[in-house]
Amino acid sequence: MHKKLFIPGPVEVAPEILKAMGTPMIGHRMPEYAKLHKGVTDKLKQLLATQDRVFLSTSSAFGAMEGAVRNLVAKRCANFCNGAFSDKWHNVTVSCGKEADAIKVPWGEAITPELVDATLATGKYDAITLIHNETSTGVMSPLPEIAQVLKKYPDVVSIIDTVSSMSALNIPVGELGIDCCVFGVQKAFALPPGLAVFTATPKALERAKGVPGRGYYFDFLEFAAADEKDNTPSTPCISLIYAMDLQLDRMFTEGLENRWRRHQEMAQFVRAWATERGFGLFPAEGYRSVTLTCATNDAGVDLAQLKKALGEKGYAFDDGYGKLKGKTFRVAHMGDMTLEDVKEITGAIETVLKQQ
Ligand SMILES: Cc1ncc(COP(=O)(O)O)c(C=O)c1O
């Protein structure tokens with residue numbers, strides 16, 4: 001039985017997207033690929049509201065996230081950490097041989113502009129990594145305000161993970177001045193996993209030129225050279241790029257404002273539902289994710305049992321990430337999901353809880 005996905009990625013993929021993945025194969029050095037590549041990267045630039053370079057990486061998000069630190073950290077990196085994925089990014093940065101500090105706040109809290117300002121004011125760092133939407137805790141940090149602070153530090157290259165937020169709300173990468181914005185496609189893009197996207201400003205590409213040990217697969221300069229010919233350095237996941245092409249069309253057909261509003265409505269519904277049913281919300285007001293709700297188990301429910309029962313009913317449900325397992329649960333409301341879908345999962349949770 002297929003379990004309908006309500007976990008925070010991968011999420012359900014529309015049948016027409018799966019069908020687009022079955023488009024007959026082309027060679028990536030054929031003109032047909034260059035046309036597809038240009039079309040997709042142009043549409044991504046429109047979605048991201050940027051004129052910067054947009055690259056397609058055949059990898060999960062962490063491939064491009066690792067590539068970003070390998071290419072862009074010359075001196076020392078400040079890794080802002082407020083959950084499992086940002087903690088991991090710090091470990092990845094260190095494992096790439098980079099000098100780096102983990103600037104930690106407790107899980108559930110946001111990274112604030114004040115913290116970014118105080119950290120960069122030390123003058124120790126030439127790069128930062130920051131996760132906009134910490135999927136492990138459901139915390140969304142205030143990116144526009146942080147971006148404003150970053151403008152005070154023109155020598156610092158900003159590497160921002162929008163893995164679980166891009167396309168669910170307005171993130172105008174160009175206007176915000178993000179040097180390298182990285183995201184995968186199995187979350188708010190509602191595509192199967194295996195493709196990541198990253199941007200690079202001229203400043204980021206200039207930085208990469210002076211950084212040794214960039215490797216090959218994620219070398220930003222290789223990507224830039226290939227992109228001149230509407231191509232990628234290595235064979236790309238062409239089927240997924242076909243799917244991305246269609247998904248971008250679907251986004252523009254829905255209308256970006258409508259898409260952002262739909263995500264807000266789903267988030268508001270799930271938050272209200274959780275609190276009415278005696279659960280808490282893990283992130284503080286003002287920092288709650290628009291793509292997933294991380295609820296605290298204040299009602300004392302056996303979450304493992306709930307997950308099992310929902311699985312038997314055909315729903316994939318998440319009972320907390322890492323050290324939050326059993327203490328919190330997460331409901332995804334992103335991608336192609338609608339209010340009806342989130343009502344379906346909350347309804348199913350209620351049915352199971354009544355039976356228990
Ligand atoms: C915020 C965030 N960053 C990074 C990742 C890692 O992405 P991937 O598994 O595609 O490498 C995830 C995955 O859930 C995530 O939620």
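Residues numbered from 1 in each chain as written. Predicted model: local features only at pLDDT ≥ 70, side-chain atom pairs only at ≥ 80, totals over all residues. Heavy atoms only, no water.

Draft legend 1. Seen up close, the state of the cysteines. This model, assessed by the stated rule, comprises zero disulfides. Free cysteine: Cys181, not disulfide-bonded; nearest cysteine sulfur from Cys180 at 7.5 Å. Looking at Cys181, the relative accessible area reads 0%, which means it is buried. Free cysteine Cys237: the closest other cysteine sulfur is in Cys180, separated by 17 Å. Residue classification places Cys237 among the buried residues on the basis of a relative accessible area of 16%. (Disulfide = S-S within 2.5 Å. Buried < 20%, exposed > 50% of the residue type's maximum accessible area, 1.4 Å probe, protein only.)

Draft legend 2. Structural detail: the pattern of salt bridges. Throughout the structure, instances matching the rule amount to 26 salt bridges. When the shortest N-O distance is used, the salt bridge between Arg250 and Glu16 registers 3.4 Å. Here the residue Arg250 occupies a position in helix H10 (residues 238-254), and Glu16 occupies one in helix H1 (residues 15-20), the gap between them amounting to 234 residues. Looking at Arg250, the relative accessible area reads 23%, which means it is partly exposed. (Salt bridge = Lys/Arg side-chain N within 4 Å of Asp/Glu carboxyl O. Helix = DSSP H or I, 4+ residues; strand = E, 2+ residues; numbered from the N terminus.)

Draft legend 3. The arrangement of the domain arrangement of the protein in detail. The domain boundaries assigned to the protein delineate domain 1 (4-10 + 256-355) and domain 2 (16-252). Each of domain 1 and domain 2 has a C-alpha centre, and these two points are 26 Å apart. Taken together, the contact pairs 24 residues of domain 1 with 31 residues of domain 2. For the pairing of domain 1 and domain 2, the buried interface totals around 2,300 Å² over both sides, and the portion due to carbon and sulfur atoms is 63%. (Domains from an automatic or database assignment. Contact = heavy atoms within 4.5 Å. Buried area = accessible area lost by both parts, 1.4 Å probe.)

Draft legend 4. Layout of empty space enclosed by the protein. By the definition in use, this model includes two cavities of 30 Å³ or more. In this structure, the largest cavity encloses a volume near 60 Å³. Its residues placed into classes, the lining of the largest cavity shows five nonpolar, five polar and no charged. Taken together, Gly138, Arg271, Leu281, Pro283, Arg288, Ser289, Leu292, Thr293 and Cys294 make up the lining of the second largest cavity. (1 Å grid on protein atoms, 1.4 Å probe; cavity = no way out; pocket = protein on both sides within 12 Å on 5 of 7 lines; lining within 4 Å. Points joined across faces, edges and corners; volume = space filled by probe spheres on them. Nonpolar A, V, L, I, M, F, W, Y, C, P; charged D, E, K, R; others polar.)

Draft legend 5. Structural view of the site of the ligand. Around the ligand sit Ser60, Ala61, Phe62, Met65, Phe85, Ile131, Asn133, Thr135, Asp161, Val163, Gln186 and Lys187, and that is every residue in its neighbourhood. In this structure, an oxygen atom belonging to the ligand sits 3.0 Å away from a main-chain N or O atom of Ala61. Burial of the ligand by the protein amounts to 88% of the accessible area it has alone, namely 390 Å². More than half of the atoms of the ligand fall within 2 Å of the grid points belonging to the largest pocket. Sorting elements by how many residues they give to the shell around the ligand places helix H3 (residues 61-72) first, with three residues. In the shell around the ligand, the residues fall into six nonpolar, four polar and two charged. (Near = heavy atom within 4 Å. Polar contact = N/O pair within 3.5 Å; in protein donor to acceptor, adjacent residues only side chain to side chain. Areas by Shrake-Rupley, 256 points an atom, 1.4 Å probe, with all protein chains shown as cover. Sits in = over half its atoms within 2 Å of the grid points.)

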